[in-house]
Amino acid sequence: MFRRRESVPFSFVAEADRFRSNVTPPPRRRATRSQLAAHSLVGLTLIAGFAGSLLFGLPALDTDRTPSHGQTSEASRHR
């Protein structure tokens, strides 16, 4: 069960490093107006979502305020 080693064409490997293709890729298609509008609408929706979450979330995270109306649970009233 001896494997026979095959010769490696080192000249091909050396040429592969400096090989350049003469095929140019096709030019990229420009986005249509409707695609641009859709992309900007998605972006604006994401920005509005982040702004809304900050607008509604920051007052809930504020720890400096004391409750203006006395919030007590019914369990603590009957002690």
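Counting secondary structure elements, the protein contains three helices and zero strands. For the protein, the succession of helices and strands along the chain, N to C, is α-α-α. Relative to its full complement of 79 residues, the protein shows a buried share of 0%. With an accessible surface of roughly 9000 Å², the protein has 60% of that area assigned to carbon and sulfur atoms.

Before going further, it helps to spend a moment on a nonpolar patch on the surface. Residues Val-42, Leu-46 and Phe-50 make up a contiguous nonpolar surface patch of roughly 340 Å² in combined accessible area. On the secondary structure map, Phe-50 appears in helix H2 (residues 33-61).

Our next topic: the confidence of the model for the protein. Averaged over all residues, the pLDDT of the protein is 77; the fraction at 70 or higher stands at 56%. Averaged pLDDT values over the elements of the protein bottom out at 59 in helix H1 (residues 10-17) and peak at 94 in H2.

What follows deals with H2. Taking 1.5 Å of rise per residue, the 29 residues of H2 would be expected to cover 42 Å, and the 41 Å separating its terminal C-alpha atoms lies within 8% of that figure. Counted residue by residue, H2 has zero buried out of 29 residues, so it is predominantly exposed.

Calculation rules
Residues numbered from 1 in each chain as written. Predicted model: local features only at pLDDT ≥ 70, side-chain atom pairs only at ≥ 80, totals over all residues. Heavy atoms only, no water. Helix = DSSP H or I, 4+ residues; strand = E, 2+ residues; numbered from the N terminus. Buried < 20%, exposed > 50% of the residue type's maximum accessible area, 1.4 Å probe, protein only. Areas by Shrake-Rupley, 256 points an atom, 1.4 Å probe, with all protein chains shown as cover. Patch = residues over 30% accessible without salt bridge, like charges linked within 9 Å, V, L, I, M, F, W, Y side chains within 5 Å. Salt bridge = Lys/Arg side-chain N within 4 Å of Asp/Glu carboxyl O. pLDDT = per-residue confidence, 0-100. Expected span 1.5 Å × (residues − 1).

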